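Tertiary structure, described
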Amino acid sequence: MKIFITGIAGFIGSKVAQKMISLGHEIFGVDDFSSGLIENVPKSAYFMELDLSDINSLNKIDFNPDLIFHLAGQSSGEVSFDNPVVDLSKNTVSTLNIIQFGIKKQSKKIYYASSMSVYGDAGNLPVSENIACQPLSCYGVGKLASENYLRIFNNKIPSTIFRMFNVYGPGQNLENLRQGMVSIFVSYALKNKAIPVKGSLNRFRDFVFIDDVVDIWCDFEKTLDDNLYIINIGNGTKTTVNNLLSTIQNHIPNLCWNEIDGTPGDQFGIYCDNNLLKKIYNKNKFINLELGLSRYIEKLRN
Ligand SMILES: NC(=O)c1ccc[n+]([C@@H]2O[C@H](COP(=O)([O-])OP(=O)(O)OC[C@H]3O[C@@H](n4cnc5c(N)ncnc54)[C@H](O)[C@@H]3O)[C@@H](O)[C@H]2O)c1
């Protein structure tokens, strides 16, 4: 199939592209390098540098994709408060442009990288896809708006929306200290520096290993029909920040950290009800944090 992948120079987009190429698909990727890296772009993909918030650049693309995997976006809740208008443009205007592009190219489906941030604080139970969304960050508001645009255009181009929880693993940018709790902590730990932990150690998250996430994106046929799908991607395991630190400590001893003020819009605690994911993808095994971290840190050491 011909697949258009946005955010191909980023962490998740580049891994999805690599696997789709190995499965024999033809890939055209785009990225504006706002956080992505040129070395992440697979050599055998067609590539164009462009900012998706500019519809004119998209209109120049001479590629008619069967499917669109839309992973580009400003990916940090914290950064979204620096300039909410830029965030809106990079995330939501870009999604609207991708919808117009997909309709024009008569693509069959858009697969969209949404986030657990759409939920806001959801209490102490695993969140399922049908609870009310009350995002707390500009990032979460923009992701929810993008989801809604995809929903109202579903009759012209259908969508599958993945609400991903905390994705981690090899390929995360260790230089980016404002996005990705695991990579930020590991980055400090490997340099023997104290980790600035923003907010309470009792906060909790759902950490999902990159390989599991890539497998789901690449198994696109499971939702390749005209229905709108909204699906959580997470392990379904509640892990506190404290648990995360002690699991990292199993691999990087002498870990130390300082608790500092939290960031605006940070959810206190959230983890995933992944029953829908398990049902549709027939996937019952996820890589647990201990194993995922050992693979990640071993890869970094090598
Ligand atoms: N990593 C996670 O834990 C996680 C969780 C939930 C959702 N997401 C979403 O998944 C997607 C991929 O996340 P990631 O972790 O790979 O982030 P990333 O920052 O590594 O990748 C995003 C890529 O999009 C590019 N980009 C941003 N705005 C663009 C624009 N307007 N035009 C073209 N390219 C643009 C960046 O340069 C980068 O390469 C993002 O949309 C993010 O919001 C990520």
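Scroll up a little and you will see the structure.
Here is a short report on the structure shown in this document.

Reading the values: the criteria
Residues numbered from 1 in each chain as written. Predicted model: local features only at pLDDT ≥ 70, side-chain atom pairs only at ≥ 80, totals over all residues. Heavy atoms only, no water. Helix = DSSP H or I, 4+ residues; strand = E, 2+ residues; numbered from the N terminus. Contact = heavy atoms within 4.5 Å. Near = heavy atom within 4 Å. Polar contact = N/O pair within 3.5 Å; in protein donor to acceptor, adjacent residues only side chain to side chain. Areas by Shrake-Rupley, 256 points an atom, 1.4 Å probe, with all protein chains shown as cover. Nonpolar A, V, L, I, M, F, W, Y, C, P; charged D, E, K, R; others polar.

Assignment of secondary structure puts Phe47 in strand 3 (residues 46–49). C-alpha of Phe47 to C-alpha of Ile5: the two residues are 42 residues apart in sequence and 9.5 Å apart in space. When neighbours within four sequence positions are excluded, Phe47 is seen to be in contact with Ile8, Gly29, Val30, Asp31, Phe33 and Val41.

This next bit is on the site of the ligand. Lining the immediate surroundings of the ligand are 31 residues, of which Ile12, Asp31, Ser35, Asp51 and Tyr139 lie closest. Within the contact set of the ligand, an oxygen atom lies 3.0 Å away from a side-chain nitrogen or oxygen of Ser75. Between the ligand and the protein, one listed contact pairs an oxygen atom with a backbone N or O atom of Phe165 at 3.5 Å. Within the complex, 95% of the 820 Å² of free accessible area of the ligand lies under protein. When residues of the shell around the ligand are traced back to their parent elements, those giving at least two are helix 1 (11–22), helix 4 (84–104), strand 5 (109–115), helix 5 (138–152) and strand 7 (166–168). Of the residues forming the shell around the ligand, the biggest block, 3 residues, is contributed by strand 5. Residues that form the shell around the ligand fall into these classes: 13 nonpolar, 13 polar and 5 charged.

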